[in-house]
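Spelled out from the first residue to the last, the chains are:
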Amino acid sequence: QDTDKKMTEFWLISAPGEKTCQQTWEKLHAATTKHNNLSTNSKFNIPDLKVGTLDVLVGLSDELAKLDAFVEGVVKKVAQYMGDVLEDSKDKVQENLLANGGKFETLSDYFLVFPFILQGVNQIDNDLKARASAYNNLKGNLQNLERKNAGSLLTRSLADIVKKEDFVLDSEYLVTLLVVVPKLNYNDWVKQYETLAEMVVPRSSNVLFEDQDSYLCNVTLFRKAVDDFKHKAREYKFMVRDFQYNEEEMKADKEEMNRLSTDKKKQFGPLVRWLKVNFSEAFIAWIHVKALRVFVESVLRYGLPVNFQAMLLQPNKKTMKKLREVLYDLYKHLDSSAAAIIDATMDIPGLNLSQQEYYPYVYYKIDCNLLEFK
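Residues numbered from 1 in each chain as written. Predicted model: local features only at pLDDT ≥ 70, side-chain atom pairs only at ≥ 80, totals over all residues. Heavy atoms only, no water.

**Digging into the packing of helix 1 (residues 21-34) against helix 9 (residues 320-331)**
Right, so step 1: It is the contact of helix 1 with helix 9, at a shortest axis distance of 10 Å, that shows an interaxial angle of 145 degrees. For the crossing formed where helix 1 meets helix 9, the hand is right-handed. Residues Lys27, Leu28, Ala31 and Thr32 of helix 1 lie in contact with helix 9, whose contacting residues are Leu323, Val326, Leu327, Leu330 and Tyr331.
Right, so step 2: Here the residues of the contact of helix 1 with helix 9 are counted per class, giving seven nonpolar, one polar and one charged. (Axes fitted to C-alpha atoms, helices over the stretch in contact; angles between N-to-C directions. Helix = DSSP H or I, 4+ residues; strand = E, 2+ residues; numbered from the N terminus. Left-handed = near helix turned anticlockwise from the far one by under 90°. Contact = heavy atoms within 4.5 Å. Nonpolar A, V, L, I, M, F, W, Y, C, P; charged D, E, K, R; others polar.)

**Points about the pattern of salt bridges**
Right, so step 1: By the definition in use, this model includes 16 salt bridges.
Right, so step 2: The shortest N-O distance in the salt bridge between Glu247 and Lys164 comes to 3.9 Å. With Glu247 in helix 8 (residues 247-302) and Lys164 in the loop between helix 5 (121-148) and strand 3 (174-182), the pair connects residues that are 83 residues apart, well separated along the chain.
Right, so step 3: Residue Glu247 is classed as partly exposed on the basis of its relative accessible area of 42%.
Right, so step 4: The exposure class of Lys164 is partly exposed, given its relative accessible area of 45%. (Salt bridge = Lys/Arg side-chain N within 4 Å of Asp/Glu carboxyl O. Buried < 20%, exposed > 50% of the residue type's maximum accessible area, 1.4 Å probe, protein only.)

**What about the packing of helix 2 (residues 54-85) against helix 5?**
Right, so step 1: Running from amino to carboxyl end, helix 2 crosses helix 5 at an angle of 25 degrees, the nearest separation of the two axes being 10 Å. Compared by their axis directions, helix 2 and helix 5 come out roughly parallel. Like other packed secondary-structure pairs, helix 2 and helix 5 cross with a definite hand, here left-handed. Residue-level contacts link Phe70, Val71, Val74, Lys77, Val78, Tyr81, Asp84 and Val85 of helix 2 to Val121, Asn122, Ile124, Asp125, Leu128, Lys129, Ala132, Tyr135, Asn136 and Lys139 of helix 5. (Parallel < 35°, antiparallel > 145°, perpendicular 65-115°, else oblique.)

**So, the sheet that holds strand 3**
Right, so step 1: Read from one edge of the open sheet, four strands run 4-5-3-6, paired in antiparallel fashion. Bordering the open sheet on either side are strand 4 (206-210) and strand 6 (239-241), each of which pairs with just one other strand. Pairwise comparison of adjacent strand axes, ignoring direction, gives a mean angle of 35 degrees for this sheet.
Right, so step 2: As judged from the three bridges shared by strand 3 and strand 6, these two strands associate in the antiparallel manner. Bridging from a neighbouring strand, Leu178 pairs with Arg241 of strand 6. (Pairing = 2+ DSSP bridges.)

**Some thoughts on the layout of surface pockets**
If you roll a probe as big as a water molecule over the atoms, it shows you where there is empty space left.
Right, so step 1: Taken as a whole, the largest pocket spans an internal volume of roughly 340 Å³.
Right, so step 2: In terms of lining residues, the largest pocket is bounded by 16 residues, among which Val175, Thr176, Arg223, Phe243 and Gln244 are the most central.
Right, so step 3: Secondary structure elements with two or more residues in the lining of the largest pocket: strand 3 and helix 7 (226-235).
Right, so step 4: Here the lining of the largest pocket gets four residues from one element, more than from any other, and that element is strand 3.
Right, so step 5: Partitioned by chemical class, the residues of the lining of the largest pocket number nine nonpolar, two polar and five charged. (1 Å grid on protein atoms, 1.4 Å probe; cavity = no way out; pocket = protein on both sides within 12 Å on 5 of 7 lines; lining within 4 Å. Points joined across faces, edges and corners; volume = space filled by probe spheres on them.)

Quick look at the structure:
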């Protein structure tokens, strides 16, 4: 699809049937295609719904506006969370959201046939909260552990770095310290470490690990000289790490990391599948609500018997203003007050149009930019 020309935005409009509803459709289609295809159009078939009293319709109009906002919110949340879950593969979001492996064009297919499935959106919302919370928790714990395994030698976990043989263990008198030595000061360390305090074991220091800036060295000395050694080392910018070698603890850390990593991988596939299915469900429900709104507003505006044609337009990006003008010319006769203040925002009691543009024809925007991830 040529994304420069096409908007991921649809206009759902309705106009009264002329001699027939087919004629209304043909007239619109001719008007928009005459000028360089201002939009891609299709009929939007709404089944004949039972019409109650005017009061009921006005009340329903308000309820549907609230429902519309709620369902749209759920659709956006599911789409947005799909982006979060796919992390570095955000470019895969659109193909994952369009069910049955369809291409982006198939988005308009959702509008053409929609099953009546409104119940369940609330369920999707609640399920999403629970699933997102569990997955985010797992992801957060894993990130915390990964952070512990990164960072500077002064703070990072040493579980993958040090080995048992780097330490003198179980000695009553001797202890091995770990010292972070800046690379710039390493020559000083080699010259000085044996004399920084009394009772340092000669030639007991080795480089165990290095990062960009520093070396991690071990050194063995008598326990009673430790405080003196630490104090003197600090003057030379050698930082002694507070570290006790504990094999069990380090093993537990590694196992926890592996467990979380495995859990995250296990949950990823089912979560993405759930998001795909429920995006589709929520999206269809959203279009269903739009259809009900078109029906109710059309009856309120155009009266009874029910006689209107609903149409779905996908505007071309560069000619949206021209499309508005063509629609205005086609339908200005429907509502002279709207024609007088075209493009202004009106507050008409009962019609619930205070939140959006008001036109002489029934108009709802369906904004699918929520599927675009930067």
